[in-house]
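Residue-level structural notes
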Amino acid sequence: MRHEKGGAREQRRRRRVVIGMHAATPPRTVDVLVIGAGQAGLSAAYHLRRRGFVPADDPSVAGAPTFVVLDAETAPGGAWQHRWRSLRMATVNGIHELPGFPVPPADPASASVDVLPAYFADFESRFDLRVRRPVVVVAVRRADDDPHGALRVETDHGVWLAGHVINATGTWRRPFWPHYPGQETFRGRQLHVHDYVSAAEFAGRRVVIVGAGISAVQLLEEISRVTDTFWVTRTEVRWDAAEFDTAARVAAIAGVEERVRRGEAPGSVISVTGQHWTPWARAAQERGVLVRHPMFERIEEHGVRMPDGSFEPADVILWATGFRADIAHLAPLGLRTPAGGIRVANGRSLDEPRLFLIGYGPSQSTVGANRAGRDAVRAIVAERG
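All of the points below concern the structure found in this document. (Residues numbered from 1 in each chain as written. Predicted model: local features only at pLDDT ≥ 70, side-chain atom pairs only at ≥ 80, totals over all residues. Heavy atoms only, no water.)

Concerning the overall build of the protein chain
Threshold: Only runs of H or I of at least four residues qualify as helices and only runs of E of at least two qualify as strands under DSSP, and these elements are numbered from the N terminus. When accessible area is computed with a 1.4 Å probe and restricted to protein chains, residues below 20% of their type maximum are described as buried, those above 50% as exposed, and intermediate ones as partly exposed. Pairs of residues are marked as contacts when any of their non-hydrogen atoms sit within 4.5 Å. Reported accessibility uses the Shrake-Rupley method at a 1.4 Å probe radius. Residues are deemed covered only where the shown protein chains occlude them.
A tally of helices and strands in the protein chain yields eight helices and 19 strands. Across the 385 residues in the protein chain, those meeting the buried criterion constitute 48%. Pairs at least 24 residues apart make up 68% of the contacts formed inside the protein chain by residues separated by at least 6 positions. As displayed, the protein chain offers around 17,900 Å² of accessible surface, 51% of which is attributable to carbon and sulfur atoms.

Some points on helix H2 (residues 39–50)
The condition is simple: Take the residue count of a helix, subtract one, and multiply by 1.5 Å to get its expected span.
When the terminal C-alpha atoms of H2 are compared, their 17 Å separation across twelve residues agrees well with the 16 Å that a helix rising 1.5 Å per residue should span. Among the twelve residues in H2, ten count as buried, and that is most of the element. Every buried residue of H2 is listed here: Gln39, Ala40, Gly41, Leu42, Ser43, Ala44, Ala45, Tyr46, His47 and Leu48. Looking at the residues trailing H2, positive phi occurs at Gly52, about 95 degrees.

Digging into the sheet that holds strand S8 (residues 207–210)
Condition: Here, strands pair whenever DSSP counts at least two bridges between them. Between the N-to-C directions of two axes lies an angle of 0 to 180 degrees, each axis being a line fitted to C-alpha atoms and, for a helix, fitted only over the stretch in contact.
Reading across the sheet, the five strands line up as S7-S16-S8-S9-S12 and stay open at both edges, with parallel pairing between neighbours. The two strands at the open ends of the sheet, each matched to only one other strand, are strand S7 (189–192) and strand S12 (292–294). Across this sheet, the average inter-strand angle for adjacent strands is 30 degrees, counted without regard to direction. Direction of pairing for strand S9 (residues 229–233) relative to S12: parallel, over a ladder of three bridges. By the bridge assignment, Thr233 is partnered in S12 with Pro294.

Comments concerning the nonpolar core
Note the cut-off: For this analysis, a nonpolar core means a set of buried residues of the types Ala, Val, Leu, Ile, Met, Phe, Trp, Tyr and Cys, connected via side-chain atoms within 4.5 Å.
Membership of the largest hydrophobic core comes to 57 residues, with the highest contact counts inside it found for Ile166, Ile223 and Leu318. Element by element, the count of residues in this core is highest for H2, at six residues. Every residue in contact with Ile223, bar those within four places of it in the chain, is listed here: Tyr196, Ala199, Phe202, Val207, Ile209, Thr229 and Leu318.

Overview of the pattern of salt bridges
This is how it is decided: Should a side-chain nitrogen of Lys or Arg be within 4 Å of a carboxyl oxygen of Asp or Glu, the pair is scored as a salt bridge.
Per the stated rule, a full pass over the model turns up 26 salt bridges. Notably, a salt bridge pairs Arg141 with Glu154, separated by 2.8 Å at the nearest N-O pair. Pair noted here: Arg141 is in strand S4 (residues 137–142) and Glu154 is in strand S5 (residues 151–155), with a separation of 13 residues, a long-range link. The class for Arg141 is partly exposed, based on a relative accessible area of 30%. Beyond isolated ion pairs, a larger network of salt bridges with shared partners links Arg49, Asp57, Asp58, Asp128 and Arg130.

Digging into empty space enclosed by the protein
To be explicit about the condition: Only protein atoms enter the 1 Å grid, on which a cavity is a set of points fitting a 1.4 Å probe that cannot get out and a pocket is an open set with protein on both sides within 12 Å along at least 5 of 7 lines, lining residues being those with an atom within 4 Å of a point. Grid points are joined across faces, edges and corners, and a volume is the space filled by probe spheres set on the points. Under the scheme applied here, ten amino acids are nonpolar (Ala, Val, Leu, Ile, Met, Phe, Trp, Tyr, Cys and Pro), four are charged (Asp, Glu, Lys and Arg), and all others, including Gly, are polar.
Enumeration over the complete set of coordinates arrives at one cavity of 30 Å³ or more. The space that makes up the largest cavity amounts to roughly 30 Å³. Residue lining of the largest cavity: Pro55, Ala56, Asp57, Phe67, Val68, Val69, Leu129, Arg130 and Arg132, and that is the complete set. For the lining of the largest cavity, the element with the most residues is strand S3 (residues 66–70), which contributes three residues. Here the lining of the largest cavity is built from residues that sort into six nonpolar, no polar and three charged.

Here's the deal with the packing of aromatic side chains
Where we set the bar: Any two rings among Phe, Tyr and Trp, with Trp reduced to its six-membered ring, count as a pair given centres within 6.5 Å; such a pair is stacked if its planes are under 30 degrees apart, edge-to-face if over 60, and tilted if neither.
Per the counting criterion, the structure on display carries 13 aromatic pairs. Ring centres of Phe101 and Phe127 lie 6.4 Å apart, and the angle between their planes is 85 degrees; on these two criteria the pair is classed as edge-to-face. Taken as a pair, Phe101 in the loop between S3 and helix H3 (112–126) and Phe127 in the loop between H3 and S4 lie far apart in primary sequence, 26 residues in all. Pairing Tyr180 with Trp319 gives two aromatic rings, centres 6.1 Å apart and planes at 25 degrees, and the pair type is stacked. With Tyr180 in the loop between strand S6 (158–167) and S7 and Trp319 in strand S16 (residues 316–319), this residue pair connects regions lying 139 residues apart in the sequence. No difference in accessibility class separates Tyr180 from Trp319, as the two residues are buried.

Brief notes about the pairing of S5
In terms of burial, S5 is a largely internal element, five of the five residues being buried. Covered by surrounding structure in S5 are Leu151, Val153 and Thr155 together with Arg152 and Glu154, the residues of both alternating faces. By the bridge criterion, five bridges tie S4 to S5 in an arrangement that is antiparallel. Each bridged residue has a counterpart across the sheet, and for Ala139 the counterpart in S5 is Glu154. Sheet analysis places S5 next to S6, joined by five bridges and oriented antiparallel. Bridging from a neighbouring strand, Thr155 pairs with Gly158 of S6. The hairpin turn running from S5 into S6, its antiparallel successor, is two residues long.

Structure below.
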């Protein structure tokens, strides 16, 4: 899709800028470098602080180990600052507080985009994390052949040499667009959940919603209140009435852990566990709009062609098809397997032990990201002795 190609061009441009500045700017050194200031990255920074690490620009504690957090966003809040305004605190899925700092009381009707970025900003200030932004990491590579040496982190604001790197870049910046025949011929509008603003812009236009995840169902319920919707998924939706902490869920998360250990693409936990009966799913069901159809076979100028040959008109196709791990900057390390992922166990790369990947695979949930940040720091501290 055009969006992905544009992103690739921008990454190449930034890489050229970084290459041009290498000779002019000497690298800075740091013991631990954290990439990303979402839930996982801030959790790691918090635990580094608790273990006696200080920000790289803090000269007040002589001889203390140092850390730095680099974030590509222009403001605190991670992906929360980009969520649609209709995503209220009452309907946000899976909020879990950052470590050591409870989410402040909020009106359930408040937009999450108002509450959570402010909460993240307060967290950064309270624990003096000194996040540097906007800083885009272009490449991570080995500084030399020493397996215990530094990792070289190249950014659009200079180069760092780090003893350990904690990658916490999440998925928000890599929306996944599947390709279907005829996609380029569609005369209507196509957008990803990543770029969704509100249902009001679709009033009076027929919207095909693609996807079987939480966002697809949330937006189906919302958009169907203002216009006609048609929901399609690649596979049947499995509705799971069980609670999150059941044995079946624990086993499902363990399955994702095993996937990343083998170096397979992690996928999402929900793809293993199935959908859940949330309030918005119940509301859509009660209004008779929670009707799943099989995936279309091709896209035509004014709609989609179904497997049985029937035609469904469409003015808009909304791709609620998830995200992929934002790890292109790790490519110079050569860690990607033929199966499409990076081999990770307990949040640590099996093929490059100086690298931790948190918020990746089984730690994509907010509570999982918190634990992954803590565990990464524990491992680093134990290794440093």
